[in-house]
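Each chain is listed here by its residues.
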Amino acid sequence: MNKIKKYFFNSLLFVLLLAYSSAYSQNNSFKVTLDAGHGAHDFGAVYSGRIEKNIALAIVLKVGVLLESYANVDVSYTRKTDVFIDLVERANIANRANANIFVSIHCNASKNTTAFGTETYVMGLSKTASNLEAAKKENSVITLEQDYKRKYEGFDPNSPESMIGMTLMQEEYLEYSISLASKVENEFDKLGKKLRGGGVKQAPFMVLHKAYMPRVLIETGFISNPEEGDLLNSEHGQNEVAKAIADAIISYKKEYFGSGTAENIEIKPVVRENAPAPLPAVTVVDGVFFKVQLMASTKKSALNPKNFNGLSPVSVVYESNVYKYTYQQTADYEKAKSFLNEAKSKGYPSAFLVAFKNGQRINIQDAIK
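Residues numbered from 1 in each chain as written. Predicted model: local features only at pLDDT ≥ 70, side-chain atom pairs only at ≥ 80, totals over all residues. Heavy atoms only, no water.

Novice: Got a sec to walk through the confidence of the model for the protein? Specific residues and values, please.
Specialist: Looking at the protein, the pLDDT average stands at 75 and 68% of residues meet or exceed 70. Across residues 11–26 the pLDDT falls below 50, and counting only partners more than four positions away or on other chains, this stretch makes 24 contacts in the model. Scored below 50 in pLDDT, residues 260–284 shows 44 contacts in the model against residues more than four places distant or in partner chains. (pLDDT = per-residue confidence, 0-100. Contact = heavy atoms within 4.5 Å.)

Here it is in structure tokens:
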């Protein structure tokens, strides 16, 4: 019976992945589901009159207004008022909408009132205590839901073992989730000292776990920090944060789904740098090959093995104001996966495969086919 269930699940997941890769070609709308964390009796973090549920909702509504001003962008919401929505239902709303991306917006808080900065999370397993603590805090919301023990099959939000046990059912979406998260953090970095980016992180958030598309959870800063909290609680600050998030989403849309017919896009040339060590010769099938993307950064690093934990050859491409570092190159998917495992073992747990056809980035599933 377990084998039958596993076969059924794998078949369903494969169908969902194919649907995602071809969804935009069949429908000209880019669909975004926005999720404002907490709501109603679930206040989230509260510090000196700054209430997370209210700030998150205000930012989400502002992001929605900005996105809806673009042609071919459809926005759905998990909530537009002060109501409580179960975590699993938030993901279901995005699933029913066939959303291309799911963006959950929150505020951070800490007993250390000097803590500051944004953090954008993708679904994943983490050994970092602070990441697990952040997930533990947000996941604890399920205890406010009716019959949560049955609904979440014994999941204990206070148990690190329970959180680590959450499987990455949709790990093929990780590549896109990291890309979206990187764009969000890059936009926050542009705000400078107003709201300092804390980087892309992985943690087992329940609200992300059940969403079957690329998805991120954004901690928009610490409301426990008086300066940052006042900014997030202000109309001006919320406008800036909302614009940064909306700009990141539109940047993601342009990269993966095209610009749409009603937008005038400035096409910038891609600047490529070759690695000091030559890439190995590969047999390219129909112009398709794979690489391992190690990381994306706004900072430029010399392409020396010592800068990449001994990995070589590494190459870099500069696009969308980000340096993207990749390792190896092969037309063999199985060999590509072995390179990926090697990269992860060398200290790049968020590394993922990328595929190219005739020099242009393509969807991994299309490359495999």
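Let's pick the thread back up.
Novice: Any chance you could break down the side chain of Thr78 for me, citing the residues and the numbers?
Specialist: Within the element layout of this structure, Thr78 appears in the loop between strand E4 (73–77) and helix H3 (87–96). Side-chain polar atoms of Thr78 contact the side chain of Asp35, separated by 2.6 Å. Beyond its immediate sequence surroundings of up to four residues, Thr78 is in contact with Thr33, Leu34, Asp35, Ala36, Ile85, Arg90, Ile93 and Phe102. (Helix = DSSP H or I, 4+ residues; strand = E, 2+ residues; numbered from the N terminus. Polar contact = N/O pair within 3.5 Å; in protein donor to acceptor, adjacent residues only side chain to side chain.)

Novice: Can you explain the packing of helix H7 (residues 174–189) against helix H10 (residues 235–257)? Please cite residues and give values.
Specialist: It is the contact of H7 with H10, at a shortest axis distance of 8 Å, that shows an interaxial angle of 140°. Comparing the axis directions of H7 and H10 gives the class oblique. Seen along the crossing, H7 lies across H10 with a hand that is right-handed. Of the residues in H10, those touching H7 at Tyr176, Ser179, Leu180, Lys183, Val184, Glu187 and Phe188 are Val241, Ala244, Ile245, Asp247, Ala248, Ile249, Ser251, Tyr252, Glu255 and Tyr256. Considering only residue class, the contact of H7 with H10 consists of eleven nonpolar, two polar and four charged. (Axes fitted to C-alpha atoms, helices over the stretch in contact; angles between N-to-C directions. Parallel < 35°, antiparallel > 145°, perpendicular 65-115°, else oblique. Left-handed = near helix turned anticlockwise from the far one by under 90°. Nonpolar A, V, L, I, M, F, W, Y, C, P; charged D, E, K, R; others polar.)

Novice: With reference to specific residues and values, describe the environment of Pro305.
Specialist: Looking at the secondary structure, you find Pro305 in the loop between strand E10 (288–297) and strand E11 (314–319). Look at Pro305 and you get partly exposed, because its relative accessible area is 37%. Those residues in contact with Pro305, other than ones at most four positions away along the chain, are Gly310, Leu311 and Ser312. (Buried < 20%, exposed > 50% of the residue type's maximum accessible area, 1.4 Å probe, protein only.)

Novice: Which residues make up the pattern of salt bridges, and what are the values?
Specialist: The tally for this structure, following the rule as stated, stands at eleven salt bridges. As a salt-bridge pair, Lys53 and Asp82 come within 2.9 Å of each other at their nearest N and O atoms. Here the residue Lys53 occupies a position in helix H2 (residues 52–68), and Asp82 occupies one in the loop between E4 and H3, the gap between them amounting to 29 residues. Judged by relative accessible area, which is 5%, Lys53 ranks as buried. Residue classification places Asp82 among the partly exposed positions, given a relative accessible area of 41%. Here Glu255 makes a salt bridge to Lys183, at a shortest N to O gap of 2.7 Å. In this pair, Glu255 sits in helix H10 while Lys183 sits in helix H7, placing the two residues 72 residues apart along the sequence. When its relative accessible area of 8% is taken as the criterion, Lys183 is described as buried. Look at the salt bridges and you will find they share partners, linking Lys183, Glu255 and Lys324 into a network. (Salt bridge = Lys/Arg side-chain N within 4 Å of Asp/Glu carboxyl O.)

Novice: Which residues make up the packing of H2 against H10, and what values do they have?
Specialist: Running from N to C, H2 and H10 point in directions that differ by 50°, and their axes come no closer than 8 Å. With respect to H10, the axis of H2 lies oblique. Every pair of crossing elements has a handedness; the one defined by H2 and H10 is right-handed. From H2, Ile55, Ala58, Ile59, Lys62, Val63, Leu66 and Leu67 reach across to H10, where they touch Glu235, Gln238, Asn239, Val241, Ala242, Lys243, Ile245, Ala246, Ile249 and Ile250.

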